[in-house]
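Here's the letter readout for the chains.
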Amino acid sequence: MKQIVIFKGGLGNQIYQYGMYTYLRSVLHQNVRYYYRESDHNGFELDKYFNTTLQEASPFYKWLYEFAWRLHKYHIYRQFIQMENESGNPRHTLFVNGYWANKKYFTHSGFDLSFKQLPLSPANERIASLIRQAGSVAIHVRRGDYLLPQNRKIFNTLTADYYLQAIDYIRQHTTDTLRFFFFSDDIEWVKENIQVDNAEYIDWNKGHDSVYDMYLMSQASANIIANSSFSFWAARLNQSNPLVVYPKKWYAGDGKRDIFPDQWVSL
């Protein structure tokens with residue numbers, strides 16, 4: 001049976017969904033296609049910046065999904081769409097819709113994802129040259145949309161204490177001379193609240209260029225990530241198997257995610 005994985009959200013979430021796509025194809029041996037439904041964030045970015053084996057669904061299946069989705073919302077013919085928060089087996093539904101942030105879907109042998117050759121601006125080339133040296137620590141500080149009232153109810157807002165403790169941990173577990181690279185949508189807050197020597201501040205990769213932050217962070221010797229799928233994947237795609245520190249409390253509530261490698265450190 002043909003299955004269609006629905007892609008939505010930003011680049012980090014699209015990579016999670018690619019995990020489900022490859023899981024259905026390689027582990028469950030399904031005939032899989034994809035349909036990117038939303039146009040928010042920066043659109044569908046996965047195949048622009050990564051080497052993938054994606055196959056797009058035909059216009060017929062896109063039309064069929066929109067029809068089935070309208071019925072699904074009214075609890076009619078719900079068996080056509082498997083939602084992440086609903087019981088059922090994704091193997092037995094035509095459409096698969098969710099974020100699928102679970103390492104089950106991206107630790108199998110069929111999940112293989114690497115960056116394409118990205119053209120770097122002079123500013124990014126300078127940072128890339130520095131960050132590929134020993135002792136580089138990429139630190140992602142996400143504030144921006146996380147400070148909106150509707151998102152405060154979902155995501156834990158990380159404090160400066162988390163980042164300072166993470167920096168101390170890395171200092172205690174490496175003999176290298178460290179250089180810190182801060183990636184943030186609120187660099188002024190970073191400079192005021194996380195003061196360290198030997199620091200670089202990167203805040204120019206905005207909009208469609210934000211992928212370059214993910215790429216640069218993936219080149220570091222160590223990563224300190226935010227509770228963000230974006231910096232999670234920057235660290236996960238790091239080919240150097242770096243020391244990674246992540247926040248123990250990911251959500252504002254008690255929700256946990258089964259996504260972290262055992263060797264990563266939670267604080």
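Residues numbered from 1 in each chain as written. Predicted model: local features only at pLDDT ≥ 70, side-chain atom pairs only at ≥ 80, totals over all residues. Heavy atoms only, no water.

1. Digging into the overall build of the chain
Looking only at helices and strands, the chain has 9 helices and 12 strands in total. Summarising the internal contacts of the chain: among those between residues at least 6 apart in sequence, 65% fall at separations of at least 24. If you sum the accessible surface of the chain, you get close to 13,200 Å²; carbon and sulfur atoms cover 47% of it. (Helix = DSSP H or I, 4+ residues; strand = E, 2+ residues; numbered from the N terminus. Contact = heavy atoms within 4.5 Å. Areas by Shrake-Rupley, 256 points an atom, 1.4 Å probe, with all protein chains shown as cover.)

2. Here we look at the sheet that holds strand S9 (residues 199–202)
Two pairing modes exist for strands in a sheet, parallel and antiparallel, and in both the strands are linked by backbone hydrogen bonds. Spatial strand order, S9-S8-S7-S10-S11-S12: 6 strands in an open sheet with parallel pairing. If you trace the sheet from one side to the other, it starts and ends with S9 and strand S12 (265–266), each paired once. Two strands pair when backbone bridges link them, and strand S10 (residues 222–224) and strand S11 (residues 243–246) are joined in this way by 3 bridges, in the parallel orientation. Each bridged residue has a counterpart across the sheet, and for Ala222 the counterpart in S11 is Leu243. The sheet strands contacting helix H6 (residues 160–172) are strand S7 (136–141), strand S8 (179–184), S10, S11 and S12, and the helix crosses S11 at an angle near 155 degrees. (Pairing = 2+ DSSP bridges. Axes fitted to C-alpha atoms, helices over the stretch in contact; angles between N-to-C directions.)

3. Section: helix H1 (residues 11–27)
With 17 residues, H1 ought to run about 24 Å at 1.5 Å a step, and its terminal C-alpha atoms sit 23 Å apart, in line with that. Downstream of H1 by a residue or two, His29 has a phi angle that is positive, lying close to 60 degrees. (Expected span 1.5 Å × (residues − 1).)

4. Comments concerning the packing of aromatic side chains
In total, this model carries 32 aromatic pairs according to the counting rule given. Taken together, a centroid distance of 5.6 Å and an interplanar angle of 75 degrees make the contact between Phe7 and Tyr34 edge-to-face. Taken as a pair, Phe7 in strand S1 (residues 2–7) and Tyr34 in strand S2 (residues 31–36) lie far apart in primary sequence, 27 residues in all. Across the pair, Tyr34 and Phe7 agree in class, each one buried. Residue placement shows Lys191 over the ring face of Tyr201; its charged tip is 5.1 Å from the ring centre. (Phe/Tyr/Trp six-rings, centres within 6.5 Å; stacked < 30°, edge-to-face > 60°. Buried < 20%, exposed > 50% of the residue type's maximum accessible area, 1.4 Å probe, protein only. Lys NZ or Arg CZ within 6 Å of the ring centre and 35° of its normal.)

5. Here we look at the pairing of S9
Here S9 shows one buried face, formed by Glu200 and Ile202, and one open face, formed by Ala199 and Tyr201. Where S8 meets S9, 4 bridges bridge the pair, whose relative direction is parallel. When the sheet's bridge partners are listed, Phe180 is paired in S9 with Ala199. In this view, the connection linking S8 to its parallel neighbour S9 by way of helix H7 (residues 187–193) has right-handed handedness. (Right-handed = clockwise from strand over helix to strand, strands pointing away.)

6. Focus on the packing of H1 against helix H9 (residues 229–236)
Running from N to C, H1 and H9 point in directions that differ by 60 degrees, and their axes come no closer than 7 Å. With respect to their mutual orientation, H1 and H9 come out oblique. Between H1 and H9 lies a crossing whose hand is left-handed. Here Gly12, Asn13, Ile15 and Tyr16 of H1 come into contact with H9, specifically with Ser229, Phe230, Phe232 and Trp233. Here the contact of H1 with H9 is composed, by residue class, of 5 nonpolar, 3 polar and no charged. (Parallel < 35°, antiparallel > 145°, perpendicular 65-115°, else oblique. Left-handed = near helix turned anticlockwise from the far one by under 90°. Nonpolar A, V, L, I, M, F, W, Y, C, P; charged D, E, K, R; others polar.)

7. Side note on the environment of Val265
With respect to the secondary-structure elements, Val265 resides in strand S12. Separated by 20 residues in the primary sequence, Val265 and Val245 have C-alpha atoms spaced 4.7 Å apart. Discounting residues that sit within four places of it in the chain, Val265 has contacts with Tyr169, Leu243, Val244, Val245 and Tyr246.

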